[in-house]
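Here's the letter readout for the chains.
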Amino acid sequence: MSAEFELCPGRKIGGSNPCFIIAEIGQNHQGDIEIAKKMIRTAKDCGADCAKFQKSEIEHRFTKQALERPYTSPHAWGPTYGAHKHHLEFSHQQYRELQQYANEVGIFFTASGMDEMAVEFLHEINVPFFKVASADTNNIPYLEKTAKKGRPMVISSGMQSMETMRCVYQTVKKHNPNFTFLQCTSAYPLPLEHVNLSLIPEFQKEFPDIPIGYSGHETGIHVSVAAVALGAKVLERHVTLDKSWKGSDHSASLEPAELAELVKAIRTIEMAMGSPIKQMLPCEASCHSKLGKSVVARKPLQKGQTLTLDMLTVKVAEPHGMRPENIFKLVGKKITENLEKDATITDAIIQD
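Here the structure is a predicted model, which is why all the values come from computation and not from measurement.

## A word on the state of the cysteines
Summed over all chains, the structure comprises zero disulfides. Of all cysteine sulfurs in the structure, the one in cysteine 50 sits closest to cysteine 46, which takes part in no disulfide; the separation is 14 Å. Distance from the sulfur of cysteine 167, which forms no disulfide, to the nearest cysteine sulfur (cysteine 184) is 18 Å. Classification of cysteine 167 by relative accessible area gives partly exposed; the value is 39%.

## Topic: the packing of helix α10 (residues 222–229) against helix α11 (residues 256–273)
Taken N-terminus to C-terminus, the directions of α10 and α11 make an angle of 30 degrees; their axes are 9 Å apart at the nearest point. With respect to their mutual orientation, α10 and α11 come out roughly parallel. Crossing hand, α10 versus α11: right-handed. Where α10 approaches α11, its residues Ser224, Val225, Val228 and Ala229 are matched on the opposing element by Leu262, Ala265, Ile266, Ile269, Glu270 and Met273. Residues of the contact of α10 with α11, tallied by class, amount to eight nonpolar, one polar and one charged.

## Description of the UniProt feature "domain: AFP-like" (unreviewed entry) in the protein
According to UniProt, the feature "domain: AFP-like" (unreviewed entry) maps to residues 294–352 in the numbering used here. For the annotated span residues 294–352, helix accounts for 7% and strand for 22% of the residues, and the straight-line distance between the end C-alpha atoms is 20 Å.

## Regarding the side chain of arginine 11
Assignment of secondary structure puts arginine 11 in strand β2 (residues 11–13). By relative accessible area, which is 13% here, arginine 11 ends up buried. Here proline 18 takes part through its backbone oxygen, which lies 3.2 Å from a polar atom of the side chain of arginine 11. In contact with arginine 11, other than residues within four places in its own chain, are Phe5, Glu6, Asn17, Pro18, Cys19, Phe20, Asp49, Phe108 and Arg267.

## Notes on the nonpolar core
Counting 63 residues, the largest nonpolar core has Phe53, Met153, Phe181 and Tyr214 as the members making the most contacts within it. Considering every element that reaches this core, the biggest residue donor is helix α1 (residues 33–46), with seven residues. In this structure, methionine 153 is in contact with Phe130, Val132, Leu143, Thr146, Ala147, Val172, Asn176, Asn178, Phe179 and Thr180, ignoring residues within four places of it in sequence. Leu307, Met311, Ile349 and Ile350 belong to the second-largest nonpolar core, a separate cluster that totals 15 residues.

Analysis parameters
Residues numbered from 1 in each chain as written. Predicted model: local features only at pLDDT ≥ 70, side-chain atom pairs only at ≥ 80, totals over all residues. Heavy atoms only, no water. Disulfide = S-S within 2.5 Å. Buried < 20%, exposed > 50% of the residue type's maximum accessible area, 1.4 Å probe, protein only. Axes fitted to C-alpha atoms, helices over the stretch in contact; angles between N-to-C directions. Helix = DSSP H or I, 4+ residues; strand = E, 2+ residues; numbered from the N terminus. Parallel < 35°, antiparallel > 145°, perpendicular 65-115°, else oblique. Left-handed = near helix turned anticlockwise from the far one by under 90°. Contact = heavy atoms within 4.5 Å. Nonpolar A, V, L, I, M, F, W, Y, C, P; charged D, E, K, R; others polar. UniProt positions renumbered as here; feature names shortened; annotations may be inferred. Polar contact = N/O pair within 3.5 Å; in protein donor to acceptor, adjacent residues only side chain to side chain. Core = buried A, V, L, I, M, F, W, Y, C linked by side-chain atoms within 4.5 Å.

Below is the structure:
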């Protein structure tokens, strides 16, 4: 079983703890803080554990040339990529306002630090954990600086190889024991044939001492439910209030009804996972009483006879007696009383 640790105050992940569900608001708030607040409230109402955003210090994340290039996408919020990103970026004060609102609503609040200065700000406002976006997973200097801050880390694996993830593991582990990897494929929306849920057990074998999770960009909820059934201890899904809104992430996001159904399905699956110990359960007693079979006499038998296999058979009997799997243990034993055909063989009539 994977190691467990406290991801947020009072909330552990890994081991037998429930899957931690992150509602990734990202930049689906359209640059409007009131929409962002509504999405935080919606995430809480739908049963998610955490509302997450994406924080950038834009001039530290992008080069001047990258910000100045024309941006003609139908999803653009400005004529250049820089203008587009600035439209979607909340100020430090707005982040504090959103954090306070999340506290009032009663849901954990964090963000992906999209550059080192963004991580510094998130550390300053005391987020419970750092989310590392796939684009920074192989950014080793970033990982080292983030890990040294001591907060738990949730690290996506999109666009990376297993060899790179081994390097990431060694880099973070030196400074911080509390982190998790998320299986992730960075495509929006994600074609089903590239989800690769089979990597969840591979990650579990490769890194048995950390919890493994899943960050999904597919449409619908079924794949994410299957990820939890495979052992994902953290689940991240993008959320939106309306898939038709402008923005490249909306089509790969869940609307409120879908998010609520996902959370319900995950909690149902977790309950159904139950125990790995196979045994007859109390809830099976009624069925066993009615249909459970016992060893009985195939024909009339005399007191003192030595039992052979051809003297015995298995039937639904009243009362219950020796269990069918023990029939071979009766061979060579003597009985202590006369038995009619179909009489139940019980311990009480077997001579030791």
